[in-house]
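# Analysis of the macromolecular model
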Amino acid sequence: MTTTVSNDYSALLPSVREFLSKPQQLLIGGAWIDAADGKTFDTINPATEEVLAQVAQGSAQDVDKAVAAARTAFEDGSPWSRMTPRERSHLMWRIGDLIDEHAEELAQLESLDNGKRVVSAHGDVGVAAELFRYFAGWATKMEGTSIPMSVPGRDFHAYTRREPIGVVAGIVPWNFPLTMACFKIVPAITAGNTVVLKPAEQTPLTALRLGQLLLDAGLPAGVVNVVTGFGDTGAALVEHHGVDKVAFTGSTEVGKKIAAAAAGNLKKVSLELGGKAPNIIFADADIDAAIAGAVLGGYFNEGQCCVNGSRLYVQRSVFDQVIEGVAAAAKAFTVGDGFNSASDMGPLVSQEQHDKVLGYIRGALHDGATINAGGPDAPFSKGYFVQPTLITGVTESMAIQTDEIFGPVITAIPFDTEDEVVQAANNTVYGLAAGVWSQNIGTAHRVGARLRAGTVWLNTWHADDVTLPRGGYKQSGWGRELGSFGLDDYTELKTVIAELR
Ligand code: ADP
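Structural notes, computed from the coordinates.

### A few points about the pairing of strand β17 (residues 389–392)
Residue alternation in β17 divides its side chains into two sets, T389 and I391 and L390 and T392, and both sets are buried. Where strand β16 (residues 370–373) lies against β17, three bridges are found, and the strand directions are antiparallel. Among the inter-strand pairings, I371 is bridged to a residue of β17, identified as I391. Where β17 and strand β18 (residues 409–415) come together, three bridges link them in parallel fashion. Bridging across to β18, L390 finds its partner in I410.

### Topic: the site of the ligand
Around the ligand, a shell composed of 19 residues is seen, among which V172, W174, K198, E201 and S251 lie nearest. Between W174 and the ligand, the recorded distance is 2.8 Å, taken from a side-chain N or O atom to an oxygen atom. Between the ligand and K198, the relevant distance is 2.7 Å, taken from an oxygen atom to a side-chain nitrogen or oxygen of the residue. For the shell around the ligand, the secondary structure elements donating two or more residues are α9 (231–239), β11 (245–249) and α10 (252–261). For the shell around the ligand, a count of residues per class yields eleven nonpolar, five polar and three charged.

### Quick look at the side chain of K276
Mapped onto the secondary structure, K276 falls in the loop between β12 (268–272) and β13 (278–281). Despite being buried, K276 has no salt bridge partner; D403 is the closest side chain of opposite charge, sitting 7.1 Å away. At 2.8 Å, the side chain of K276 forms a polar contact with the backbone oxygen of I400. Among the polar contacts made by the side chain of K276, one reaches the main-chain carbonyl oxygen of D403 at a distance of 2.7 Å. For K276, the contacting residues outside a window of four places in its chain are S310, R311, I400, Q401, T402, D403, E404, I405, T428 and Y430.

### Brief notes about unusual backbone geometry
As a rule of thumb, non-glycine residues mostly have phi less than zero, and peptide bonds are mostly trans rather than cis. Unusually for a residue other than glycine, L266 sits at a positive phi of about 50°. Judged by relative accessible area, L266 falls into the exposed class, the value being 68%.

### Considerations on the state of the cysteines
On inspection of all chains with the given rule, the structure shows zero disulfides. Note on C182: no disulfide assigned, nearest cysteine sulfur contributed by C306 at a separation of 16 Å. Here C182 falls in the buried class, since its relative accessible area comes to 0%. Here C305 is not cross-linked by a disulfide; its sulfur's nearest cysteine counterpart is in C306, at 5.5 Å. Using a relative accessible area of 7% as the deciding quantity, one classes C305 as buried.

### Focus: the nonpolar core
Counting 76 residues, the largest nonpolar core has L20, I99, F132, I189 and V224 as the members making the most contacts within it. Not counting residues up to four positions away in its chain, the partners in contact with I189 are W80, R88, M92, F132, V195, L219, V223 and V224. Counting residues in each nonpolar core, the second largest holds 28 residues, with I280, V447, L451 and A453 among its members.

### What to know about the pattern of salt bridges
Following the criterion strictly, the structure yields 20 salt bridges and no others. Note that R470 and D464 form a salt bridge whose closest N and O atoms lie 3.1 Å from each other. Taken together, the shared-partner salt bridges in this structure form one network comprising D97, D100, E130 and R133.

### Regarding the packing of helix α2 (residues 60–74) against α9
Contact pair α2 / α9: the axes reach a minimum separation of 9 Å and the direction vectors enclose 45°. For the element pair α2 / α9, the angle class is oblique. For the pair α2 and α9, the sense of crossing is right-handed. Of α9, the residues touching α2 (which contributes A60, V63 and V67) are T233, A236 and L237. Among the residues forming the contact of α2 with α9, the class breakdown is five nonpolar, one polar and no charged.

### Here's the deal with α2
Taking 1.5 Å of rise per residue, the 15 residues of α2 would be expected to cover 21 Å, and the 21 Å separating its terminal C-alpha atoms lies within 8% of that figure. Along α2, the residues classified as buried are D62, V63, A66, V67, A69, A70, A73 and F74. The arc that holds the buried residues of α2, viewed along the axis, is 160°, so those residues lie on one side. Among the exposed residues of α2, those pointing more than 90 degrees away from its buried face are Q61 and T72.

### Regarding the packing of aromatic side chains
Per the stated rule, a full pass over the model turns up ten aromatic pairs. Where F282 meets F415, the ring centres are 5.3 Å apart and the plane angle is 80°; that geometry is what we call edge-to-face. Here F415 lies in strand β18 and F282 lies in the loop between β13 and α11 (287–299), a separation of 133 residues in the sequence. For the pair F380 and F385, a centre-to-centre distance of 4.5 Å together with 55° between the ring planes defines the contact as tilted. Taking relative accessible area as the criterion, F380 reaches 23% and is therefore assigned partly exposed. Taken together, the ring pairs in this structure connect Y134, F135 and W138 into an aromatic cluster. Directly above the ring of Y490 sits K245, whose terminal nitrogen or CZ lies 4.6 Å from the centroid.

### Thoughts on the environment of G363
For G363, the location among the structural elements is in helix α13 (residues 351–366). Separated by 37 residues in the primary sequence, G363 and I400 have C-alpha atoms spaced 7.6 Å apart.

### Some words on the sheet that holds β18
Reading across the sheet, the seven strands line up as β16-β17-β18-β14-β13-β19-β20 and stay open at both edges, with mixed pairing between neighbours. Two strands bound the open sheet, and with one partner strand each, they are β16 and β20 (455–458). Between one strand and the next, the sheet's axes are offset by a mean angle of 25°, whatever the strand orientation. Here four bridges tie β13 to strand β14 (residues 311–315), and the two strands are oriented parallel to one another. Note on β14: the bridge partner recorded for N279 is L312. Across the sheet, helix α16 (residues 441–450) is in contact with β13, β19 (433–437) and β20; its angle to β20 comes to roughly 165°.

### Things to note about the packing of helix α15 (residues 418–426) against α16
Put simply, α15 and α16 touch, their axes get as near as 10 Å, and they point 35° apart. The interaxial crossing formed by α15 with α16 has right-handed handedness. Along its contact with α15, which presents E418, D419, V422 and N426, the element α16 presents T443, R446, V447 and R450.

Conventions and cut-offs
Residues numbered from 1 in each chain as written. Predicted model: local features only at pLDDT ≥ 70, side-chain atom pairs only at ≥ 80, totals over all residues. Heavy atoms only, no water. Buried < 20%, exposed > 50% of the residue type's maximum accessible area, 1.4 Å probe, protein only. Helix = DSSP H or I, 4+ residues; strand = E, 2+ residues; numbered from the N terminus. Pairing = 2+ DSSP bridges. Near = heavy atom within 4 Å. Polar contact = N/O pair within 3.5 Å; in protein donor to acceptor, adjacent residues only side chain to side chain. Nonpolar A, V, L, I, M, F, W, Y, C, P; charged D, E, K, R; others polar. Lys, Arg positive; Asp, Glu negative; His and termini not counted. Salt bridge = Lys/Arg side-chain N within 4 Å of Asp/Glu carboxyl O. Contact = heavy atoms within 4.5 Å. Disulfide = S-S within 2.5 Å. Core = buried A, V, L, I, M, F, W, Y, C linked by side-chain atoms within 4.5 Å. Axes fitted to C-alpha atoms, helices over the stretch in contact; angles between N-to-C directions. Parallel < 35°, antiparallel > 145°, perpendicular 65-115°, else oblique. Left-handed = near helix turned anticlockwise from the far one by under 90°. Expected span 1.5 Å × (residues − 1). Arc of directions from axis to C-beta. Phe/Tyr/Trp six-rings, centres within 6.5 Å; stacked < 30°, edge-to-face > 60°. Lys NZ or Arg CZ within 6 Å of the ring centre and 35° of its normal.

Here it is in structure tokens:
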């Protein structure tokens, strides 16, 4: 059984306490307002199951207002449309600095709302700040191209321009609430779009706090609006004909609904969806590094990460050694409240997620699999905790092997040959991430190239940068986020043809 530690809120900042004591409203057109029908919902601390704060529950009527505010802010002649790229760039840099200044406050809010450890939330806040600074540089570098034309006897000057698309709906999940909000807001505003953000119902708090920081930094009213609520709030946004683009991160199931609903006015759609990443360890790998990578790949963020290496494939001659190592590391985790600095792993985000993950673990046991570490036993009587779990004796057809679990669960299967493991690794509807461990440079790069996934890690896992594009093959999504590629998805490309008479 895993070691556990108790709740400890001694470090709670007065500013966080004050934020939580007030009912949270919607941010529309630069003003904080209640939902039109006055509805609110509770957001829960997953470590204690207690209510953290009350949050406005936006309806279709509020979505209408937010889209109208975003449209007004976008329109020709608005303060936002008149801002020069350099002014946008400086403003974004200011926002990055403001996020850094409020890092502890944001990290505490994130930990309380999501369950993750404060130290992990600090990492997320750092990424959020860096996103603003990285994209601040792109605001002044959205260049077009001059393209020659060949029309006999006539002269032309043709060129392209990158222009904003318009009103962007950003719909985000609960696993990295602040970072995901910034994944949508930052490239959108870099290109001069306006945004209506719909945070996940489980974790609305940091997006709301960010909304105030954006206003404090001087972002014009209506450029970013935040409408909290449930799936129906998101659906109202996706169906709204005043929205020009939807940028979504979440489940493949909801992604398909969004793709269908966006067809009404043919919104542009970018989707970052589920994953079931294979993590392949060859016998010639640095085994200690591979074990540490498998543990990080499987259990990072309580396993609630779409690029987690949930399917471990280990070459047969080192299988027992790797299983022993991963199981020992899993058993060494200290599970507890993310606010207690002694915790290595916090709770899952919600009762629903907790029950779903335990359901998969019990299902695997029922199907005849073996638990090598962790399992379905609850470490606490309260809170949505799941022990880091390692499962062997799994077949490719078991639900635990085919479905995205989104919890701290790794399954492991032995393999003999490269062809066999590549076939097994690619045998999934998903294609978000994959990894290979081998000290043979040829094996690592060759297998990396054969894996059908948007991100491939060689001899590492979760190594990342805001400069790198990310996204999925197959049913893991449409488009790429971040890096220079990520900006293209937030622009229209205009071709201008002038005849030189
Ligand atoms: P998860 O499975 O990780 O909870 P979901 O895909 O269910 O992720 O949710 C991600 C985001 O999509 C959340 O903000 C949620 O409220 C929103 N959402 C859920 N259903 C819909 C829908 N039909 N249309 C638009 N947004 C939705």
